[in-house]
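Chain by chain, the residues:
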Amino acid sequence: MKRNLLLILCICMGIHSYAQLTLEECQQKAQANYPLSLQYQLIERSTSYTLANAAKGNLPQISLHGKVSYQSDATTLPFTLPNLDFQGMSKDQYQIIMEVSQNIWDGGQIHSQKAQVQAQGEEAERQLDVNMYALRERINQLFFGILLFNEQLDQNALLQEELQRNLVNIKAYCTYGIANEADVDAVRVEILNTRQQRIQIESSRNAYLRMLSLFMGEEVNTNTLLQKPDFPLSDTSLSINRPELALYSAQEQTLHIKEQSLKTGYMPRFSLFAQGAYGNPGLNMLKDSFEPYFIVGAKVSWRFGSLYTLKNDRKKLHTERLQVQNNRDVFLLNTRIALTEQEQAIHSLRKQMEEDDEMIRLRINIRKAAEAKVANGTLTVTEMLRELTHESLAKQNKALHEIQLLMKLYQQKHITNE
């Protein structure tokens, strides 16, 4: 029997622990289930493919082309030689050429292209971090909203118990003529109002639970216990470590690499080439017949057209860098303003919570005195119910302030990413 009881207890504890969820677990599961998280792999794959393609620019490049032409005149000798019958080149010419070229130095273009691809991939990932970070705030709102509804349901249950107790007392008072049926009906009306409020709270909580389930990709219901987070330590010197700052740094790095790549536009390029061809005429222009031939050599090219726009290109990149810096300054200013608002709200809630316990104690005393007066016939039931409602509201306010303070503190953590 003892072994069976221990087994049942262990099973119950295991189920209970399995049904618990912390805020961090909800955030992690929501991020893993969110479809946007798949883009991390897609960005990595796209960057890898583009880098592989850029690296293949150093491989030998093979081209094949042909040409057929007819010209109005062709080269002939302006004189005749004895024992030589040369009629001149043919006016119709045919040529097919295969060329293999090998890059020796491209002015750093391929290296610059690979650096840009990596920088753009990093920027895309940091932008995705920003989008994914916004998901945490939505999970926080749902999580603390459910906690608030749970507290309201607990207070609602306590209020119903008080009303049921008073209903029994009022019915007893009717027996002694201290109260009447209207007083009993007044208590019953309050019980019905409390039940209606419970239905509304449960409906709102169920909606939040369904939304949280969709985000997490697993069922979260009324049997799931959401563990109330601990109050985080307050830090007056909070630093801002938001993913937006990493995004701005990645954008500046991309612009820096683009500026470095401008020099590749006016650098010389060297390459080797080999041509194999078959045509009429061949390399011997005076021989009217189809002949195979080949040519090998080296090429150098140096273009200066990019120098015309180099100054404006640099000014454009500088302007874009100033825009990024301005976006960072605006973001930091708005974040500090939001932090100031949070600090004021946290300070206000702490002040209110200092008075909650005393207010509840006083409301309990007033309610007990009202119940005693009703028992003595010196106070109406309606007035006593009003005091009971005030006591319930005081308890609800305390629970509300605790959840609100927790939410504000975690919103502060979210704003700074500390």
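Preceding this paragraph is the structure being described.
Residues numbered from 1 in each chain as written. Predicted model: local features only at pLDDT ≥ 70, side-chain atom pairs only at ≥ 80, totals over all residues. Heavy atoms only, no water.

K.L.:
Now, about the pattern of salt bridges: what can you tell me, with residues and values included?
P.N.:
Per the stated rule, a full pass over the model turns up 20 salt bridges. A salt bridge links E391 to K395, with the shortest nitrogen-to-oxygen separation between them at 3.0 Å. Here E391 pairs with K395, and both are found in helix α8 (residues 381-416), just 4 residues apart, close to one helical turn. Overlapping salt bridges bring together E162, R165, R367, E371, E391 and K395 as one network. (Salt bridge = Lys/Arg side-chain N within 4 Å of Asp/Glu carboxyl O. Helix = DSSP H or I, 4+ residues; strand = E, 2+ residues; numbered from the N terminus.)

K.L.:
Give a description of the layout of surface pockets that names residues and reports values.
P.N.:
Counted as a void, the largest pocket has a volume near 270 Å³. Considering the residues around the largest pocket, the lining is formed by 15 residues, among which S101, Q102, N103, F270 and S271 are closest to the centre. Mapped onto the lining of the largest pocket, the elements with two or more residues apiece are β3 (92-105), β5 (269-280) and β6 (291-301). Tallied by class, residues from the lining of the largest pocket come to 3 nonpolar, 8 polar and 4 charged. (1 Å grid on protein atoms, 1.4 Å probe; cavity = no way out; pocket = protein on both sides within 12 Å on 5 of 7 lines; lining within 4 Å. Points joined across faces, edges and corners; volume = space filled by probe spheres on them. Nonpolar A, V, L, I, M, F, W, Y, C, P; charged D, E, K, R; others polar.)

K.L.:
Give me the packing of helix α2 (residues 23-33) against helix α5 (residues 181-216): which residues, what numbers.
P.N.:
Relative orientation of the contacting elements α2 and α5 amounts to 55°, with a least axis distance of 7 Å. Of the possible angle classes, the one that applies to α2 and α5 is oblique. Contacts between α2 and α5 involve C26, K29, A30 and N33 from the former and L212, L214, F215 and M216 from the latter. For the contact of α2 with α5, a count of residues per class yields 6 nonpolar, 1 polar and 1 charged. (Axes fitted to C-alpha atoms, helices over the stretch in contact; angles between N-to-C directions. Parallel < 35°, antiparallel > 145°, perpendicular 65-115°, else oblique. Contact = heavy atoms within 4.5 Å.)

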